[in-house]
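# Analysis of the macromolecular model
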Amino acid sequence: MIQRRTVLKTGAALTGAIGSAGLLVPAMADTAPAQAADLDPTTIPQFEQAMPLPKVLQPSSVSSTTSYYRITMKEADAQILPGRLTRVRTFNGSFPGPLIKAVSGRRVVVQQTNQLSVPTSVHLHGAHVPESSDGAPMDLVAAGGGTKTYTYPNSQPHANMWFHDHAHHYESETVYRGLTGFYLLTDTVEQKLNLPTGAYDVPIALSDARFDDSGQLVYAMGDRMRRVLLANGKPWPYFQVAARKYRLRLYNTSNMRFYTLKLSDGSAMQQIGSDGGLLEKPVEVTSVPLSPGERADLVVDFSRYPAGTRLILENTAARYPDDPAEQIGKVLQFRVGAPVADSSTVPATLRTLPALGTATVNRSFELSMDESGASADSFINGKAYDMDRVDTEVEYGATEIWTVRNTNTRVPHNFHMHLVQFRVLERGGKPVTSGPESGLKDTVSLMPGETVKLQATFTGYEGTYVYHCHMFDHAAMGMMANFRVTKTPSARR
Ligand code: C2O
Ligand code: CU
Ligand code: CU
């Protein structure tokens, strides 16, 4: 691990630089209008490029217990806009990010080498891992050739995970510039179901971007001008499907953008899972809300459409009042082809969730930031993130209820915890007993004024982990805190 002092210095230097450039602005502050050098998003053709699929990473070696991977974080030129190249930050040069396929009970070890010009920390979002492999905000892999080996025990049920940069003060820009990857963990519970697999099981990462007129990404904190929506790294692509069932695993990898996804004919999809894998039962949904970091696992049966049908996956959530509907309202187009044989099924019961257990500790957390734009600080319970402060001491093995409230009146937030998958007990005082939020979750949305009640059991590893708003700009501005899980009460403050 890098010396904390070194980190402090680089962190402070970076904050200073951003502050003096006037770029560190809260989300609601007015951002300057598009500069002349911006690429006009309306000039980007829609539904003309095919949506790529993530490249599946192959292990460099395998043993009876473990698959070993080697990944290099580096810059690459990706063809995002038709006929041009854009400089991006990648794992192994892949844009969209690559995909690791893992199986519960079998370890994955990833040796990461950082050839970028900024420090990184690789966090596996949704994973139950030791602190040393969590990719904590200060556990950095040095720029310009640093390496770190992450060990993922996969001692947890199947889940739709992803990995991304988490280096404090850098993550917002680095994730925006592409440093994300998919990590699908499966197990026998999931495998014995007859869900769509192979080419019919498609991970899709949704993000937003702003380009300049030379085709390069423009980054600013709190930017409201990211008006180009990318699905697996292409703006408004089309996806050719056969007329049969598909499993679509949607990931919101955007820094700040919330989506509400719908099919343009208004028809229903089956939501079968969320962050922490499958729901107990499939749910019919016509709209799918997805806050930054969240995942939705859907089955769409395209056999109900005649060959030649074109269908749009729409987004009905405008993030900002001036979001243009022609750009922000559309995500991708499905082009339905001929029917093909389909023996997959979506059973009425998908899994049994672990018993909730009895909570013995109740805590409350308030998320807040200055909505006037006067200050760039963001808080949890009135405090901005301090890497040396433990905010919440948790006894190993405890089951706790965390009540989390967004005290802002205009700005949405969300809430993500490392180490655990939690359950959403209540939203806005109403019990969550069925529906898309009734499964295992690690990230939950909080619209202005909203309150959720979460329950988690802190077992498996002792150590210090973070919880934070997953709008990366808010986390970078301080809406993040540490919890520490320990067995020995004397170690707790
Ligand atoms: Cu997806 Cu702490 O992060
Ligand atoms: Cu995480
Ligand atoms: Cu937030």
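Scroll up to find the structure this text is about.
Parameters at a glance
- Residues numbered from 1 in each chain as written.
- Chains lettered and ligands numbered in written order.
- Predicted model: local features only at pLDDT ≥ 70, side-chain atom pairs only at ≥ 80, totals over all residues.
- Heavy atoms only, no water.
- Core = buried A, V, L, I, M, F, W, Y, C linked by side-chain atoms within 4.5 Å.
- Buried < 20%, exposed > 50% of the residue type's maximum accessible area, 1.4 Å probe, protein only.
- Contact = heavy atoms within 4.5 Å.
- Helix = DSSP H or I, 4+ residues; strand = E, 2+ residues; numbered from the N terminus.
- Pairing = 2+ DSSP bridges.
- Donors = N, O, S within 2.8 Å, 3.2 Å for Na, K, Ca; no water.
- Polar contact = N/O pair within 3.5 Å; in protein donor to acceptor, adjacent residues only side chain to side chain.

A few words now on the nonpolar core. Counting 87 residues, the largest nonpolar core has Phe-334, Trp-402 and Phe-415 as its most contacted members. Beyond its immediate stretch of four places on either side in the chain, Phe-415 contacts Leu-367, Trp-402, Val-404, Phe-422, Asp-442, Thr-443, Val-444, Leu-446, Leu-454, Tyr-467 and His-468. Counting residues in each nonpolar core, the second largest holds 27 residues, with Met-73, Leu-116, Val-141 and Ala-159 among its members.

This part is about the environment of Glu-171. For Glu-171, the location among the structural elements is in helix H2 (residues 171–176). When the C-alpha positions of Glu-171 and Asp-473 are compared, they lie 8.5 Å apart, and in sequence the two are 302 residues distant. Apart from residues lying up to four places away in sequence, Glu-171 is in contact with Asp-165, His-166, Tyr-176, Phe-472 and Ala-476.

In space, the 7 strands of this open sheet follow the order E12-E11-E10-E14-E19-E16-E17, with mixed pairing throughout. The open sheet has two edge strands with one neighbour each: strand E12 (234–235) and strand E17 (277–285). Inspection of the sheet shows strand E10 (residues 201–209) paired to strand E14 (residues 245–252) by 6 bridges, in the parallel sense. From the neighbouring strand, Leu-206 faces E14, where its bridge partner is Asn-252.

Note on the copper ion (ligand 3): its protein donors are His-413 (ND1), Cys-469 (SG) and His-474 (ND1). The metal-donor distances range over 2.0 to 2.2 Å. As a motif over one chain, the donors of the copper ion (ligand 3) read H-x55-C-x4-H. Taken as a pair, His-413 in strand E26 (residues 413–417) and Cys-469 in the loop between strand E31 (463–468) and helix H5 (472–476) lie far apart in primary sequence, 56 residues in all.

As a further point, take the environment of Glu-462. Relative to the helices and strands, Glu-462 resides in the loop between strand E30 (451–457) and E31. Glu-462 sits 377 residues away from Leu-85 along the chain, and the two C-alpha atoms are 45 Å apart. Once residues lying within four places of it in the same chain are set aside, the contact partners of Glu-462 are Tyr-396, Val-485, Thr-486, Lys-487 and Thr-488. A distance of 2.7 Å separates a polar side-chain atom of Glu-462 from the backbone nitrogen of Lys-487.

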